[in-house]
Amino acid sequence: MAPDSYYIKLNIDGAKDDVRDLAFESLFRDKGRKWIKGFVDVFGVTSILEAERRAILIGILLASQMEIRKLMIGSDCRMAVDMINRRCAIPTEYKKLVAQIQYLMKPDWDTNLSHTFHRANQGADFLAKLATHNAKGLQVLDSPPPEVM
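Residues numbered from 1 in each chain as written. Predicted model: local features only at pLDDT ≥ 70, side-chain atom pairs only at ≥ 80, totals over all residues. Heavy atoms only, no water.

Asks: Which parts of the structure should I look at to understand the overall build of the chain?
Replies: Secondary structure assignment for the chain yields four helices and six strands. In sequence order, the secondary structure elements of the chain are arranged as β-β-β-α-β-α-α-β-α-β. In the chain, 67% of the contacts between residues at least 6 apart in sequence involve partners at least 24 apart. Taken as a whole, the chain presents about 7,900 Å² of accessible surface, with 53% of it coming from carbon and sulfur. (Helix = DSSP H or I, 4+ residues; strand = E, 2+ residues; numbered from the N terminus. Contact = heavy atoms within 4.5 Å. Areas by Shrake-Rupley, 256 points an atom, 1.4 Å probe, with all protein chains shown as cover.)

Asks: Explain the pattern of salt bridges to me, please; I cannot follow it from the model alone.
Replies: Should their charged atoms come close, side chains of opposite charge can pair. For the structure shown, the criterion picks out five salt bridges. Across the pair Arg53 and Glu50 runs a salt bridge whose closest N-O atoms are separated by 2.6 Å. Taken together, the residues Arg53 and Glu50, both in helix 1 (residues 48-65) and three residues apart, mark about one turn of the helix. Of the two residues examined, Arg53 and Glu50, each falls in the buried class. For the salt bridge of Glu50 with Arg54, the shortest nitrogen-to-oxygen distance reads 3.4 Å. One end of the pair, Glu50, and the other, Arg54, are both in helix 1, four residues apart, so they sit about a helical turn from each other. (Salt bridge = Lys/Arg side-chain N within 4 Å of Asp/Glu carboxyl O. Buried < 20%, exposed > 50% of the residue type's maximum accessible area, 1.4 Å probe, protein only.)

Asks: Would you mind going over the packing of aromatic side chains with me for this structure?
Replies: The description of an aromatic ring pair uses the distance of the two centres, along with the angle that the planes make with each other. Taken as a whole, this structure holds one aromatic pair when the rule is applied. A ring pair is formed by Phe28 and Phe39, whose centres lie 6.4 Å apart and whose planes are at 45°; its orientation type is tilted. Of the two residues, Phe28 is situated in strand 2 (residues 22-29) and Phe39 in strand 3 (residues 35-43); the sequence distance between them amounts to eleven residues. Given a relative accessible area of 0%, Phe28 falls into the buried group. Judged by relative accessible area, Phe39 falls into the buried class, the value being 0%. Here the basic side chain of Arg53 rests over the ring of Tyr94, its NZ or CZ set 3.6 Å away from the ring centre. (Phe/Tyr/Trp six-rings, centres within 6.5 Å; stacked < 30°, edge-to-face > 60°. Lys NZ or Arg CZ within 6 Å of the ring centre and 35° of its normal.)

Asks: I keep staring at the packing of helix 1 against helix 3 (residues 95-104) and nothing clicks. Help me out?
Replies: Relative placement of two packed helices is described by the angle separating their axes and the distance separating the axes. At their nearest, the axes of helix 1 and helix 3 sit 10 Å apart, and the two run at 30° to each other. Between helix 1 and helix 3, the crossing angle belongs to the class labelled roughly parallel. Where helix 1 crosses over helix 3, the handedness of that crossing is left-handed. Here Glu50, Arg53, Arg54, Ile56, Leu57, Ile60 and Leu61 of helix 1 lie close against helix 3, whose contacting residues are Leu97, Val98, Gln100, Ile101 and Leu104. Each residue belonging to the contact of helix 1 with helix 3 can be placed in one class, and the counts come to eight nonpolar, one polar and three charged. (Axes fitted to C-alpha atoms, helices over the stretch in contact; angles between N-to-C directions. Parallel < 35°, antiparallel > 145°, perpendicular 65-115°, else oblique. Left-handed = near helix turned anticlockwise from the far one by under 90°. Nonpolar A, V, L, I, M, F, W, Y, C, P; charged D, E, K, R; others polar.)

Asks: What should I look at first to understand helix 1 in this one?
Replies: Since one α-helical turn is 3.6 residues long, residues separated by three or four positions face the same way. Look at helix 1: 26 Å from first C-alpha to last across 18 residues, which is about the 26 Å you get at 1.5 Å a residue. Just beyond helix 1, the residue with positive phi is Glu67, at close to 60°. (Expected span 1.5 Å × (residues − 1).)

Asks: So what exactly am I meant to see when it comes to helix 3 here?
Replies: For helix 3, the full list of buried residues reads Leu97, Val98, Ile101, Gln102 and Leu104. An end-on view of helix 3 places all buried positions within 165° of arc, on one side of the element. More than 90 degrees from the buried face of helix 3, the exposed residues found are Lys96 and Tyr103. Along its buried surface, helix 3 packs onto helix 1 and helix 2 (78-84). (Arc of directions from axis to C-beta.)

Asks: What should I look at first to understand the confidence of the model for the chain in this one?
Replies: One rule of thumb: low pLDDT means the predicted coordinates there are not for detailed reading. With 72% of its residues at a pLDDT of 70 or more, the chain shows a mean pLDDT of 78. Across the chain, helix 2 holds the top mean pLDDT of 93, while helix 4 (residues 122-134) sits lowest at 52. (pLDDT = per-residue confidence, 0-100.)

Okay, here's the thing in structure tokens:
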């Protein structure tokens, strides 16, 4: 779903390399689906759930730095969305990160975190898979990689 004219959309996706690490990628776009900024990160072996939550946290932090106050966040990881939106129990090992995200979704922001079906999240999905092969730590992307164009 494209954001209305006042919102910026943040698409989140995690990916796992067959052999090694997990990565996540996120992209900010406007109503016209125009690229605003993206970010990728590759980190040690963990779960897709952990990757999605880390991406949401970093996305909110970047949105704050960019002074975005109306943000629609879409993730294809329903469990991460449900934990953050307080729709299910949060396992002890995830409580700290989820609490950080909930705190950052400040009352003075208009922020909506929702589940996005995989097929609607293909831009972030493609970049997350690309990141598992290319990224070295957190990289902020001011323009889309050529493979996305």
